[in-house]
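Residue-level structure breakdown
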Amino acid sequence: MPLDISSSFLSSSSNSSSTEPTTSETATRQQQQQQAELTVDEAIAILTKYRIEMASGGDSDSKLVSNEKLIDGGLRTLYRMYYHHRDNSNGDGGDLMLWRNVSSISVLLRGIMSRAQGSESFAQKYCDQSLELINDLVVAYVVRGESYVDDGLSDRGIADLSRAVQLDDRNPFSYQRRGHIYSRLDQPGAEYDLNRSIELYGLDPTSYLFRGMVYSSKTSSSSSLSVDEEGISGSSSGQPTIDDGMYFELALSDFNRAISLNPTNVELYYERALFFSRNRQLDRALNDIQTIHSIDGEHTDGYYLRAAIEKQQQNYYSALKTIDRIISIDPDYPLIYEMRGRIHYDHMNNVDAAERDFRTAISKNSVTFQSPVYLGKILSETDTESAIQLFTQ
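A quick note: this is a predicted structure, and the numbers were derived from the prediction, not measured.

Comments concerning the overall build of the chain
The helix and strand inventory of the chain stands at 20 helices and two strands. Looking at the 393 residues of the chain, the share that counts as buried comes to 48%. Contacts spanning at least 24 positions in sequence make up 59% of the contacts within the chain whose residues lie at least 6 apart. Only carbon and sulfur atoms are counted for the fraction: they give 46% of the accessible area of the chain, which is about 19,000 Å².

A word on the packing of aromatic side chains
Scanning the entire structure with this criterion turns up eight aromatic pairs. Judged by centre distance (5.2 Å) and plane angle (55 degrees), the rings of Phe255 and Phe275 are tilted. Here Phe275 lies in helix H13 (residues 266-278) and Phe255 lies in helix H12 (residues 242-261), a separation of 20 residues in the sequence. Taken individually, Phe255 and Phe275 each receive the classification buried, so the pair is uniform in this respect. One aromatic cluster is present, formed by Phe248, Phe255, Phe275 and Phe276 through successive ring pairs.

Description of the side chain of Asn265
Mapped onto the fold, Asn265 is located in the loop between H12 and H13. The exposure class assigned to Asn265 is buried, which follows from its relative accessible area of 12%. At 2.9 Å, the side chain of Asn265 forms a polar contact with the backbone nitrogen of Glu267.

Thoughts on the confidence of the model for the chain
Parts of the prediction with low pLDDT should not have their coordinates interpreted in detail. In this model, the chain carries an average pLDDT of 77, and 65% of its residues clear a pLDDT of 70 or more. Every residue in residues 29-41 is under pLDDT 50, and counting partners more than four places away or in other chains gives 18 contacts. Throughout residues 234-238 the model reports pLDDT below 50, and contacts reaching past four residues in sequence, or to other chains, amount to eight contacts.

Some remarks on the pattern of salt bridges
The tally for this structure, following the rule as stated, stands at 16 salt bridges. Between Glu310 and Arg306 there is a salt bridge, with the nearest N and O atoms lying 3.6 Å from each other. On the criterion of helical spacing, the pair formed by Glu310 and Arg306 is a turn pair, its members being four residues apart in helix H15 (residues 300-312). A relative accessible area of 27% means that Arg306 is categorised as partly exposed. Salt bridges sharing partners connect three or more residues here, namely Arg115, Glu120, Asp150 and Arg184.

Comments concerning the nonpolar core
Counting 50 residues, the largest nonpolar core has Leu108, Leu137, Phe275 and Leu305 as its most contacted members. Here the element with the most residues in this core is H13; it accounts for eight residues. Formed by 16 residues, the second largest nonpolar core is a distinct cluster that contains Tyr316, Ala319, Ile323 and Ile343.

As for helix H6 (residues 138-150)
Compared with an ideal rise of 1.5 Å per residue, which puts 13 residues at 18 Å, H6 spans 19 Å between its outermost C-alpha atoms and is within 8% of the ideal. With twelve of 13 residues buried, H6 is to be regarded as a mostly interior element. Buried within H6 are the following residues: Val138, Val139, Ala140, Tyr141, Val142, Val143, Arg144, Gly145, Glu146, Ser147, Tyr148 and Val149. Immediately beyond the C-terminal end of H6, within one or two residues, lies Gly152, with a positive phi of roughly 85 degrees.

Regarding H15
Between the first and last C-alpha of H15 there are 18 Å, a value that for 13 residues agrees with the 18 Å anticipated at 1.5 Å per step. Summarising burial for H15: ten of the 13 residues are buried, a large majority. Once H15 ends, the next one or two residues include Gln314, with phi positive near 65 degrees.

Some points on the packing of H15 against helix H17 (residues 336-346)
At a closest axis distance of 12 Å, the pairing of H15 and H17 adopts a crossing angle of 15 degrees. Taken as axis vectors, H15 and H17 run roughly parallel relative to one another. Considering only the axes of H15 and H17, their crossing is left-handed. Between H15 and H17, the contacting residues are Tyr304, Ala307, Ala308 and Lys311 on the first element and Ile336, Met339 and Ile343 on the second.

Describing unusual backbone geometry
Phi at Asp186 takes a positive value of approximately 55 degrees, unusual for a residue other than glycine. Tracing the backbone through its elements, the reader meets Asp186 in the loop between helix H8 (172-184) and helix H9 (190-200).

Structural notes on the environment of Phe255
By relative accessible area, which is 2% here, Phe255 ends up buried. Between the C-alpha atom of Phe255 and that of Thr206, which follows or precedes it by 49 residues, the distance is 9.6 Å. The residues touching Phe255, leaving out its near neighbours within four places in the chain, are Leu209, Gly212, Met213, Glu271, Arg272 and Phe275.

Some remarks on the packing of H17 against helix H18 (residues 351-363)
Axis separation between H17 and H18 bottoms out at 8 Å; the angle between their running directions is 160 degrees. Comparing their axes, H18 and H17 come out roughly antiparallel. In the crossing of H17 with H18, the sense of the turn from one axis to the other is left-handed. In this structure, H17 contributes Tyr337, Glu338, Arg340, Gly341, Arg342, His344 and Tyr345 to the contact, and H18 contributes Ala353, Ala354, Asp357, Phe358, Thr360 and Ala361. Looking at the contact of H17 with H18, its residues break down into six nonpolar, three polar and four charged.

Structural notes on the environment of Arg178
Turning to its location among the elements, Arg178 is positioned in helix H8. The exposure class assigned to Arg178 is buried, which follows from its relative accessible area of 12%. Once the C-alpha coordinates of Arg178 and Leu161 are considered, the two residues, 17 residues apart in sequence, prove to be 5.7 Å apart. Excluding residues that lie within four positions of it along the chain, Arg178 makes contacts with Leu161, Ser162, Val165 and Asp193.

Rules used in this analysis
- Residues numbered from 1 in each chain as written.
- Predicted model: local features only at pLDDT ≥ 70, side-chain atom pairs only at ≥ 80, totals over all residues.
- Heavy atoms only, no water.
- Helix = DSSP H or I, 4+ residues; strand = E, 2+ residues; numbered from the N terminus.
- Buried < 20%, exposed > 50% of the residue type's maximum accessible area, 1.4 Å probe, protein only.
- Contact = heavy atoms within 4.5 Å.
- Areas by Shrake-Rupley, 256 points an atom, 1.4 Å probe, with all protein chains shown as cover.
- Phe/Tyr/Trp six-rings, centres within 6.5 Å; stacked < 30°, edge-to-face > 60°.
- Polar contact = N/O pair within 3.5 Å; in protein donor to acceptor, adjacent residues only side chain to side chain.
- pLDDT = per-residue confidence, 0-100.
- Salt bridge = Lys/Arg side-chain N within 4 Å of Asp/Glu carboxyl O.
- Core = buried A, V, L, I, M, F, W, Y, C linked by side-chain atoms within 4.5 Å.
- Expected span 1.5 Å × (residues − 1).
- Axes fitted to C-alpha atoms, helices over the stretch in contact; angles between N-to-C directions.
- Parallel < 35°, antiparallel > 145°, perpendicular 65-115°, else oblique.
- Left-handed = near helix turned anticlockwise from the far one by under 90°.
- Nonpolar A, V, L, I, M, F, W, Y, C, P; charged D, E, K, R; others polar.

This is the structure we're talking about:
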C-alpha cells in the first residue's frame, strides 16, 4: 500500500524554468522524472515494508536489526534521488526544493527508527523537524501521533492522526492507524476508520487484522477471558448471545482474510490463535501455533501461548517442556519462571523446583505479586525468619 509521500517528491523534481524547454530537453526531463519516480517507489516500498513489520510484530533485537537495514536503505535511496537530480538539472532551482523534501523524509526515517528503539521523545523531535521542512507530510503526522499515544499523550496523538486524515481523506494508511489507536484507547470510531481503510485499499492484511481485533473485542468472551501466567483464565457470563456469534464470525473472517493476503506472517497466525484461545477453541489455537513454529521455530510468544493452553488442559509435563523451550531461546522472557514455579508448586508438588523458579523470577524482576506470595508460603514452612524479611522488604 503506497504511502502518501510521492507527490511532494515528484512535484519538486519537475519544476520548470522560465525558459520554454526544447523537445529534446522535454524528453530528457521526462526520462529523469521517470527515473525519480522509480526511486520514490523504492522509498515508499521500504517505508511500507517497515510499517507492516512494525504493525504486526514486536521489537525484538532481530527485528530492530532488520529495521535498521530498512531505514539505511531508505536513506540511501533518497540521497541517490537527490544527487541524480542535482547532477542532471539545468539550474532551475528545483534541486533546492528537492533537497528539502529529501531532508524531510530523511529526518522522518530517523524518527521511525527512534520509535522502533522505544525513544518516543526523539521520535517526536525528528517528526517536528520533518514537518518544519514539509508541513503537510501525512506520514509524519501519523508517526508523531502514534508516538504521542505511546507516550501517554492521547489527545495530541489523536489530533495528529486526524490531521493526517484531513490532509488526505483518501489515504488508507491514515485511517488504518487512527482506527487502530481508537481501538487501543477504547474510543468510538475504530470500526468506521478501518472500514474506510479497507474500502480505499483492500489488499493490506494489517487493516483486516486490526478490524478483526475490533470485532473480537465486541464478544463477551474477550472481556471475561485472558491469556496470562495462569493460562486461559476467566469465565464467560451467561450463554453466548446472537451478537457474540455474529462478531465471532466477522472477526474470524477478517483474520482469515489477513492470513490469505500474507500467509507467511507468523504474527497474523498468532493473533488468530489468541482469538481462538479466548473463545475456548483451544485445538484450533494449537493448530495455528503449530503453523507459527513451522515458519519460525523460535517464536517465543507462540510457545508461551502453547504452554498456557497446555496448562489449561492440565497437560503439565507438556507445559513444562514448552516452558523449557522458551527459556532456551530467551532466558529473560517475561513471567516465564513464575509460570513454571506455579506449575511446580500447584500441580507437581515440587516445592524445591518452585522455590528456585520464584527466586529467579524475583531476581530478574519479572514477576506479578504472586511470586513473592508463593515464595513466602514456601519459606514460612521452612525458614520463618526469611519469610518475615521477604514480606517486610
